[in-house]
Amino acid sequence: NSYLERLGRLIDIRKRFLDNAAHQLRTPLTALKTQLALAQRNVEPQQAGALLAAARQTTDDAVRLTEQLLAMTRVEHAREMHSPHRVDLVALAKRVTQEHLMRAHQLGDDLGLEVQVADCEVLGVDLLLHEALSNLIDNAIHHGPAGAHITVRVGQSWMEVEDDGPGIAPEHQAHVFERFYRAAPAGLTGSGLGLAIVKEIANQHGAQVHVRSPLRDGRGTAIRMSWPSH
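The structure presented is a predicted model; accordingly, all values stated were derived computationally and were not measured.

Enquirer: Help me out: how do you make sense of the overall build of the chain in this one?
Expert: In terms of regular secondary structure, the chain is built from 7 helices and 7 strands. Surface exposure of the chain reaches about 12,900 Å², of which carbon and sulfur atoms provide 54%.

Put into structure tokens, the structure is as follows:
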């Protein structure tokens, strides 16, 4: 019975991935095909250049979406693939922040780390917690304006990412952790999967994830992943 239950769950995960991939990738791939066809027929260099730039952006969006679909599927399979162990959130935060420094610098963002405790160990899977924090940082960079201030912070039994971007409107806050829900303004691309991945990882680790916005002067967002105090 245990084996059949596990097999059924894996089949459900595979079906969900295929359904999501087929539905979500159809739009950018159709747009890419149209943009390339127009560029091929267009003899005006300026217009052709604009179409190729749009095609490149569409390709980047499709790649990002594909990566996040695969990440979500890896997270859903995590129970069968990984055993939990002690993970130090301080060491994790230092490592993940360092990995994002170059991208943040290239965009003119100020990415920093604030540690409020010497160490903070939780029971979990390092690979998944890395994925969760990476998604929080990526979300802050992607949705914030150039030159944003982004802080990764670790405290007693929690870690969070805070930014001084435009914030999340109250009507969106209850839904931002749903799959494919997008609260971004028109014109800003995104898959709507980043925070859903964070939520799934939090659930698997017995943690809570919540958003605070705005933080000051009508702007800013902080998204925290926290564990129950023992």
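On we go.
Enquirer: Any chance you could explain the packing of helix α4 (residues 89-106) against helix α5 (residues 126-143) here in plain terms?
Expert: Two numbers describe a pair of packed helices, the interaxial angle and the distance between the axes. In contact at an axis separation of 10 Å, α4 and α5 are set at 40° when each is read in the N-to-C sense. What the angle tells us is that α4 and α5 run oblique. Crossing hand, α4 versus α5: right-handed. Two secondary-structure elements touch here, α4 through L89, L92, A93, R95, V96, T97, E99, H100, R103 and A104 and α5 through D126, L129, H130, L133, S134, I137, D138, I141 and H142. In terms of residue class, the contact of α4 with α5 is built from 9 nonpolar, 5 polar and 5 charged.

Enquirer: What's the story with the packing of α5 against helix α7 (residues 194-204) in this structure? I'm lost.
Expert: Contact geometry for α5 and α7: axes closest at 9 Å, N-to-C directions at 150°. Considered as vectors, α5 and α7 are oriented roughly antiparallel to each other. Judged by the twist between their axes, the crossing of α5 over α7 is left-handed. Mapping the contact onto sequence places L128, L129, E131, A132, N135, L136 and N139 in α5 and G194, L195, I197, V198, I201 and Q204 in α7. Taken together, the residues of the contact of α5 with α7 sort by class into 8 nonpolar, 4 polar and 1 charged.

Enquirer: Could you clarify how one ought to interpret the pairing of strand β4 (residues 149-155) in this entry?
Expert: Sheet faces and side chains relate simply in a regular strand, where the side chains alternate between the two faces. Of all 7 residues that make up β4, 5 are buried, and the element is covered over most of its length. The sheet contact formed by strand β2 (residues 110-115) and β4 spans 6 bridges and is parallel. Residue L113 lies in a different strand from β4, and its bridge partner there is V152. Direction of pairing for β4 relative to strand β5 (residues 158-163): antiparallel, over a ladder of 6 bridges. Each residue of the ladder has a partner; that of T151, found in β5, is E162. Adjacent in sequence and paired antiparallel, β4 and β5 are bridged by 2 residues, among which S157 carries a positive phi angle near 70°.

Enquirer: Can you walk me through the pairing of β5 in this structure?
Expert: A large share of β5 lies buried, amounting to 6 of its 6 residues. Of the pairings in the sheet, the one linking β5 to strand β7 (residues 221-226) comprises 6 bridges and is antiparallel in character. Its bridge partner being in β7, E160 is matched across the sheet by R224.

Enquirer: Help me out: how do you make sense of the environment of A169 in this one?
Expert: With respect to the helices and strands, the residue A169 is situated in the loop between β5 and α6 (170-173). Sequence separation between A169 and G218 is 49 residues; the distance between their C-alpha atoms is 9.8 Å.

Enquirer: What is the right way to read the nonpolar core from this model?
Expert: As a rule of thumb, soluble globular proteins bury nonpolar side chains together. Ranked by internal contacts, the top residues of the largest apolar core, which has 47 residues, are L89, L129 and M225. Considering every element that reaches this core, the biggest residue donor is α5, with 8 residues. With sequence-adjacent residues up to four places away left out, M225 is seen in contact with L129, A132, S157, W158, M159, I201, A202, A207, Q208 and V209.

Enquirer: Which parts of the structure should I look at to understand the sheet that holds β4?
Expert: Backbone hydrogen bonds are what pair the strands of a sheet, in a parallel or an antiparallel way. What the 5 strands build is an open sheet, ordered β2-β4-β5-β7-β6; its pairing is mixed. Among the strands making up the open sheet, the edge pair consists of β2 and β6 (208-212). Within this sheet the neighbouring strands show an average axis-to-axis angle of 15°, counted without direction. Here β6 runs beside β7; their pairing, made up of 5 bridges, is antiparallel. Residue pairing for β7: V209 is matched across the bridge by M225. α5 rests against β2, β4, β5 and β7 of the sheet, and its axis sits at about 15° to β5.

The rules we used
Residues numbered from 1 in each chain as written. Predicted model: local features only at pLDDT ≥ 70, side-chain atom pairs only at ≥ 80, totals over all residues. Heavy atoms only, no water. Helix = DSSP H or I, 4+ residues; strand = E, 2+ residues; numbered from the N terminus. Areas by Shrake-Rupley, 256 points an atom, 1.4 Å probe, with all protein chains shown as cover. Axes fitted to C-alpha atoms, helices over the stretch in contact; angles between N-to-C directions. Parallel < 35°, antiparallel > 145°, perpendicular 65-115°, else oblique. Left-handed = near helix turned anticlockwise from the far one by under 90°. Contact = heavy atoms within 4.5 Å. Nonpolar A, V, L, I, M, F, W, Y, C, P; charged D, E, K, R; others polar. Buried < 20%, exposed > 50% of the residue type's maximum accessible area, 1.4 Å probe, protein only. Pairing = 2+ DSSP bridges. Core = buried A, V, L, I, M, F, W, Y, C linked by side-chain atoms within 4.5 Å.

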